[in-house]
Amino acid sequence: MADVDTALPFVKGHGTENDFVLLPDHQARLDLTEDFVAALCDRRAGIGGDGLLRVARTDALVIAGVLDEIPAGVSSSDWFMDYRNADGSIAEMCGNGVRVFAHHLVVAGLIDRTEFVVGSRAGGRRVHVRSADAADADVTVEMGPVRIGERSSTTLGRQLDGVAVDVGNPHLACVVDDLTVADLDRLDFTGGAVVDTGVFPHGVNIEVLTPVRDGSVHMRVLERGVGETRSCGTGTVAAAAAALLAQTGKPQGALDVHIPGGTVTVTITDDGATLRGPSRLVAVGTVSLPEATGSPAENRVHVAPSV
Ligand SMILES: N[C@@H](CCC[C@H](N)C(=O)O)C(=O)O
């Protein structure tokens with residue numbers, strides 16, 4: 001494990017205001033304990049973020065024992081997005097994170113192409129960085145298969161029925177008939193949600209959304225391991241699949257998904273889904289955490305705008 005007494009470089013970025021601490025740790029020397037990640041993601045005592053993206057080589061993560069094996073579609077030399085939620089838990093995939101991750105790779109000169117594979121625990125994800133400067137990028141991600149599961153329900157602001165959707169990570173997407181955008185805004189997420197742990201033994205991300213109107217839906221999300229966030233990329237894909245299924249009987253088509261942090265475009269075919277949306281890099285800096293587990297009261301964070 002690296003000596004975390006020394007200052008660690010970091011980058012802060014977001015995709016439709018789903019925000020991340022990017023930690024370049026190319027040789028996977030850091031021990032990302034749950035406490036350490038939670039301290040960095042703490043919005044008052046740390047840098048703050050909905051999640052953390054370790055930037056590492058796939059083969060280094062295998063050698064370090066972080067990955068037991070290389071996921072399908074990933075090569076040992078690919079850059080791997082080692083994703084952690086704000087509470088320190090591991091998740092398989094992050095659709096907004098992968099756009100920010102790809103943007104960082106290009107801006108930092110870690111890759112000299114605009115189309116490449118990013119590794120994730122859900123498998124390799126091909127990205128196309130359509131445009132990028134130091135601050136902003138427009139990125140399309142091939143999100144892989146979208147698997148519709150069984151119907152289930154939850155209590156989130158009210159009793160809701162939805163459908164399980166696997167996008168590499170688990171979702172319960174609840175399309176609510178007649179829900180207006182104003183109704184959606186008024187839903188109270190502060191009480192959290194009860195879900196069927198028989199259907200979702202590893203927890204679940206929950207999306208609440210309007211039916212399709214004018215080629216788009218409006219959505220809010222309660223993320224596993226985080227709480228309510230202003231966007232969730234895998235959640236927008238799950239939501240689009242559920243909305244298209246409700247509208248046409250098939251989970252295929254294209255939709256704009258409006259979330260509190262912006263808008264993304266989801267396209268789903270028999271071959272899988274694509275997600276197109278923005279990335280913004282907002283700051284670079286260094287952070288010192290005196291102990292491996294992190295000690296929020298003693299954090300030293302030095303940041304500067306990235307542009
Ligand atoms: N915000 C992400 C999803 C992050 C992981 C999720 N909270 C989980 O635990 O599955 C996205 O943009 O997809």
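- The name an unreviewed UniProt entry gives the chain is Diaminopimelate epimerase, with Williamsia serinedens as the organism.
- Quoted straight from UniProt, the Sequence similarities (unreviewed entry) entry for the chain says "Belongs to the diaminopimelate epimerase family."
- Its UniProt record, at the heading Pathway (unreviewed entry), says of the chain: "Amino-acid biosynthesis; L-lysine biosynthesis via DAP pathway; DL-2,6-diaminopimelate from LL-2,6-diaminopimelate: step 1/1."

## Concerning the site of the ligand
So, point 1. Every one of the 15 residues lining the ligand counts as a neighbour, but Asn18, Gly95, Arg224, Gly233 and Thr234 are closest to it.
So, point 2. For the ligand, an oxygen atom lies 2.8 Å from a polar atom in the side chain of asparagine 205.
So, point 3. One of the side-chain nitrogen or oxygen atoms of glutamate 223 is found 2.8 Å away from a nitrogen atom of the ligand.
So, point 4. Taken by itself the ligand offers 360 Å² of open surface, and the protein chains cover 100% of this.
So, point 5. Broken down by secondary-structure element, the contributors of at least two residues to the shell around the ligand are strand S4 (79-85), helix H3 (95-107) and helix H5 (233-248).

## Quick word on the environment of proline 201
So, point 1. Considering the arrangement of structural elements, one finds proline 201 in the loop between helix H4 (181-186) and strand S11 (205-209).
So, point 2. Exposure remark for proline 201: the relative accessible area of 56% places this residue in the exposed category.
So, point 3. Taking the C-alpha atoms as reference, proline 201 lies 22 Å from glycine 144; in sequence the two are 57 residues apart.

## Observations regarding the pattern of salt bridges
So, point 1. Counted under the stated rule, the structure contains 13 salt bridges.
So, point 2. A salt bridge links arginine 43 to aspartate 50; its shortest N-O distance comes to 2.9 Å.
So, point 3. On the basis of relative accessibility, which here comes to 49%, the residue arginine 43 falls in the partly exposed class.
So, point 4. Taken together, the shared-partner salt bridges connect Asp25, Arg54, Asp82, Arg84 and Arg121 into one network.

## Brief notes about the confidence of the model for the chain
Interpretation of the predicted coordinates at a detailed level should be avoided for regions scoring low in pLDDT.
So, point 1. When the pLDDT values of the chain are averaged, the result is 93; 92% of them are 70 or greater.
So, point 2. What the predictor reports for the complex is a pTM of 0.94 with an ipTM of 0.99.

## Comments concerning the UniProt feature "active site" (unreviewed entry) in the chain
So, point 1. Listed under "active site" (unreviewed entry) in the UniProt record, and renumbered for this structure, are Cys94 and Cys232. Across 139 residues in sequence, these annotated residues keep their C-alpha atoms within 7.6 Å of one another, forming a single compact spot.
So, point 2. Looking at where cysteine 94 falls in the secondary structure, it is placed in the loop between S4 and H3.
So, point 3. Apart from residues lying up to four places away in sequence, cysteine 94 is in contact with Asn18, Phe20, Met81, Tyr83 and Thr234.
So, point 4. With respect to the helices and strands, the residue cysteine 232 is situated in the loop between strand S13 (227-229) and H5.
So, point 5. By relative accessible area, cysteine 232 is classed as buried at 5%.

## What about helix H1 (residues 34-41)?
So, point 1. All of the buried residues along H1 are Phe36, Val37, Ala39, Leu40 and Cys41.
So, point 2. On its buried side, H1 packs onto strand S1 (8-15), strand S2 (18-24), strand S3 (51-57), S4 and strand S16 (272-288).

## Comments concerning H5
So, point 1. End to end, H5 covers 22 Å across 16 residues, agreeing with the expected 22 Å (1.5 Å per residue, within 8%).
So, point 2. Burial analysis of H5 places twelve of its 16 residues in the buried class, which makes it a mostly covered element.
So, point 3. Those residues of H5 that fall on the buried side of the exposure criterion are Gly233, Thr234, Gly235, Thr236, Val237, Ala238, Ala239, Ala240, Ala241, Ala242, Ala243 and Leu244.
So, point 4. Where H5 terminates, the next one or two residues include glycine 249, which has phi positive at roughly 85°.

## Focus: the environment of glycine 124
So, point 1. Relative to the helices and strands, glycine 124 is located in the loop between strand S5 (115-118) and strand S6 (125-132).
So, point 2. Sequence separation of glycine 124 and glycine 73 is 51 residues, and the distance between their C-alpha atoms is 4.5 Å.
So, point 3. Excluding residues within four positions of it along the chain, glycine 124 makes contact with Ala72, Gly73, Val74, Val117 and Val118.

About the criteria used
Residues numbered from 1 in each chain as written. Predicted model: local features only at pLDDT ≥ 70, side-chain atom pairs only at ≥ 80, totals over all residues. Heavy atoms only, no water. UniProt positions renumbered as here; feature names shortened; annotations may be inferred. Near = heavy atom within 4 Å. Polar contact = N/O pair within 3.5 Å; in protein donor to acceptor, adjacent residues only side chain to side chain. Areas by Shrake-Rupley, 256 points an atom, 1.4 Å probe, with all protein chains shown as cover. Helix = DSSP H or I, 4+ residues; strand = E, 2+ residues; numbered from the N terminus. Buried < 20%, exposed > 50% of the residue type's maximum accessible area, 1.4 Å probe, protein only. Salt bridge = Lys/Arg side-chain N within 4 Å of Asp/Glu carboxyl O. pLDDT = per-residue confidence, 0-100. Contact = heavy atoms within 4.5 Å. Expected span 1.5 Å × (residues − 1).

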